[in-house]
Amino acid sequence: MSLARGYAVTDNTAPLKPFSFERRAVGPDDIRIDILYSGICHSDLHQARDDWGGAQFPMVPGHEIIGRVVEVGANVTRLKVGDIAGVGCMVDSCRTCDACEHDLEQYCEQGPTWTYNSRERVSGELTQGGYSDHVVVEQRFVVKVSETLDLKAAAPLLCAGITTYSPLRHWKVGPGQKVGVIGLGGLGHMGVKFAKAMGATVVMITTSPEKGADAKRLGADDVLVSRDPAQMKAHANSFDFLLNTVPVGHDTNPYMSLLKRDSTMCMVGVITEMDPPLTGGNLIFGRKSVAGSGIGGMAETQEMLDFCAKHNIVSDVEVIDIKDVNEAWDRMQKNDVRYRFVIDMATLKNAA
Ligand code: NAP
Ligand code: ZN
Ligand code: ZN
């Protein structure tokens with residue numbers, strides 16, 4: 001066992017506060033990582049506030065983890081001491097079901113073990129995430145990160161990156177296609193970068209006209225303000241694929257009119273009801289699809305990181321001291337983040 005320090009919430013209204021807890025000893029297949037940077041995902045806030053139900057406290061959030069390997073178990077071959085490692089949303093799965101055998105651990109039929117707010121499969125202990133000084137994870141759920149990447153800006157790749165990369169690959173986005181990314185936040189800004197790197201024509205679809213210049217700097221060819229009916233009409237029936245990252249129930253119907261016949265809008269943001277409901281006619285007329293996608297498997301997460309190293313893709317981040325983490329959560333809630341907060345975990349040493 002090792003003593004870990006971090007920040008936790010103790011109930012669904014509490015602010016994050018300093019918290020100490022035990023991590024398991026490094027087993028034969030485990031890797032211990034000293035955490036350098038931890039990204040702040042909107043899912044951290046959803047889970048801490050119990051928006052999705054089933055929250056378990058105390059909760060140390062954080063599933064965009066970058067750190068250095070400091071200890072490996074006897075069977076570990078994937079990484080060695082000194083390597084830069086990444087951990088995302090999962091730390092275990094059953095490893096034997098059809099999904100796991102197809103490298104889709106995120107869809108494990110028994111449910112994966114999430115990095116926090118979940119139970120360890122063997123001990124039943126509550127898992128605790130990356131707003132902490134170190135983590136111990138089984139090697140299958142650790143990826144290798146190139147040191148050529150700016151590490152603080154690479155942390156969000158472990159969730160925002162893979163969550164947008166995976167559907168763009170699954171729906172085979174590429175040259176000659178017009179792709180819309182809805183919502184310019186942590187996920188959306190990665191979606192723009194990836195879709196552009198894959199060769200598509202990319203349109204940023206936003207509710208915030210003031211983000212337009214940023215969207216173009218990030219690689220968007222065009223910007224569509226979704227609250228402007230004239231702009232929506234001008235882009236009607238023109239998209240091959242839409243990636244919807246909006247975090248709350250919203251009216252998805254207007255976006256359906258943007259799709260070409262036989263095209264798909266993939267939801268990655270909202271996990272609750274569509275509000276108002278999606279109208280059947282918006283699927284029927286044009287044989288359109290609405291789909292969903294959850295993060296990505298471990299093999300694809302490694303592929304995504306290698307793609308990022310090759311194309312020099314990282315997130316646009318605002319690095320914060322951990323003592324300012326509650327303020328960062330407030331700002332994220334108010335849509336005031338350009339485009340991902342990342343905690344410099346070295347600042348934990350100064351925290352009370
Ligand atoms: P974020 O940084 O807060 O960005 C969300 C963006 O959505 C905002 O920047 C805003 O963009 C837009 N938006 C916000 N409220 C809206 C509203 N009421 N109507 C329309 N647009 C709105 O959040 P994030 O970290 O990217 O996460 C987005 C969602 O994905 C969260 O719900 C998170 O839990 C979920 N998520 C899912 C997965 C998965 O595996 N599927 C993985 C990670 C996260 P504009 O200002 O441009 O409109
Ligand atoms: Zn996330
Ligand atoms: Zn499984």
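Thresholds, definitions, all that
- Residues numbered from 1 in each chain as written.
- Chains lettered and ligands numbered in written order.
- Predicted model: local features only at pLDDT ≥ 70, side-chain atom pairs only at ≥ 80, totals over all residues.
- Heavy atoms only, no water.
- Domains from an automatic or database assignment.
- Contact = heavy atoms within 4.5 Å.
- Buried area = accessible area lost by both parts, 1.4 Å probe.
- Salt bridge = Lys/Arg side-chain N within 4 Å of Asp/Glu carboxyl O.
- Polar contact = N/O pair within 3.5 Å; in protein donor to acceptor, adjacent residues only side chain to side chain.
- 1 Å grid on protein atoms, 1.4 Å probe; cavity = no way out; pocket = protein on both sides within 12 Å on 5 of 7 lines; lining within 4 Å.
- Points joined across faces, edges and corners; volume = space filled by probe spheres on them.
- Helix = DSSP H or I, 4+ residues; strand = E, 2+ residues; numbered from the N terminus.
- Nonpolar A, V, L, I, M, F, W, Y, C, P; charged D, E, K, R; others polar.
- Buried < 20%, exposed > 50% of the residue type's maximum accessible area, 1.4 Å probe, protein only.
- Pairing = 2+ DSSP bridges.
- Core = buried A, V, L, I, M, F, W, Y, C linked by side-chain atoms within 4.5 Å.

## Things to note about the domain arrangement of the chain
Right, on to step 1. Taken domain by domain, the chain holds domain 1 (2–159 + 316–350) and domain 2 (161–292).
Right, on to step 2. Computed from C-alpha coordinates alone, the two centres of domain 1 and domain 2 are separated by 28 Å.
Right, on to step 3. The partner domain 2 presents 19 residues to the 12 residues of domain 1 that form the contact.
Right, on to step 4. A combined buried area of about 1300 Å² lies between domain 1 and domain 2, and 50% of that area is made up of carbon and sulfur atoms.
Right, on to step 5. Counting across the interface, domain 1 meets domain 2 through 3 salt bridges.
Right, on to step 6. Lys193 is the partner of Asp316 in a salt bridge, and the nearest nitrogen-oxygen pair spans 2.6 Å.
Right, on to step 7. Where domain 1 packs against domain 2, one counts 12 residue pairs in polar contact (both at pLDDT 80 or more).

## Focus: the layout of surface pockets
Gaps left between atoms are located by rolling a probe of water-molecule size over the structure's atoms.
Right, on to step 1. Its boundaries defined by the atoms lining it, the second largest pocket holds a volume of some 560 Å³.
Right, on to step 2. Taken together, 25 residues form the lining of the second largest pocket, with Arg24, Glu120, Ser123, Glu125 and Leu126 sitting closest to its centre.
Right, on to step 3. At the level of elements, strand 2 (17–23), strand 6 (90–92) and strand 8 (134–138) are the ones that each hand at least two residues to the lining of the second largest pocket.
Right, on to step 4. Looking at side-chain class alone, the lining of the second largest pocket contains 10 nonpolar, 4 polar and 11 charged residues.

## Here we look at the pairing of strand 17 (residues 340–344)
Right, on to step 1. Within strand 17, 4 of the 5 residues are buried, which leaves the element mostly enclosed by the surrounding structure.
Right, on to step 2. Pairing analysis gives 4 bridges linking strand 16 (residues 317–320) to strand 17, with the strands arranged parallel. Across the sheet, the residue bridging to Glu318 is Phe341, located in strand 17.

## Digging into the nonpolar core
Right, on to step 1. Ranked by internal contacts, the top residues of the largest apolar core, which has 90 residues, are Ile40, Leu157, Phe194, Val325 and Trp329.
Right, on to step 2. Counting contributing residues per domain, this core is built from domain 1 (2–159 + 316–350) and domain 2 (161–292), each supplying no fewer than three.
Right, on to step 3. Among all residues touching Ile40, those that are not within four sequence positions of it are Glu64, Tyr131, Ile320, Val325, Ala328, Trp329, Met332, Arg340, Phe341 and Ile343.
Right, on to step 4. Within the second largest apolar cluster, 15 residues are counted, among which are Met232, Leu258, Met265 and Met267.

## Details of the pattern of salt bridges
Pairing between side chains of opposite charge can happen when the charged atoms of each approach one another.
Right, on to step 1. Enumeration according to the criterion identifies 23 salt bridges in this entry.
Right, on to step 2. Here Lys196 ties to Asp221 by a salt bridge, and the two come within 2.8 Å at their closest N and O atoms. Linking Lys196 in helix 5 (residues 186–197) with Asp221 in the loop between helix 6 (212–218) and strand 12 (222–225), this pair joins segments that are 25 residues apart in sequence.
Right, on to step 3. The class for Asp221 is partly exposed, based on a relative accessible area of 38%.
Right, on to step 4. In this structure, a network of salt bridges that share partners links the residues Lys193, Asp214, Arg217, Asp316 and Arg338.

## Concerning the side chain of His189
Right, on to step 1. Here His189 is to be found in helix 5.
Right, on to step 2. What makes His189 buried here is its relative accessible area of 0%.
Right, on to step 3. A distance of 3.0 Å separates a polar side-chain atom of His189 from the backbone nitrogen of Asp316.
Right, on to step 4. Among all residues touching His189, those that are not within four sequence positions of it are Leu184, Leu218, Ser315, Asp316 and Tyr339.

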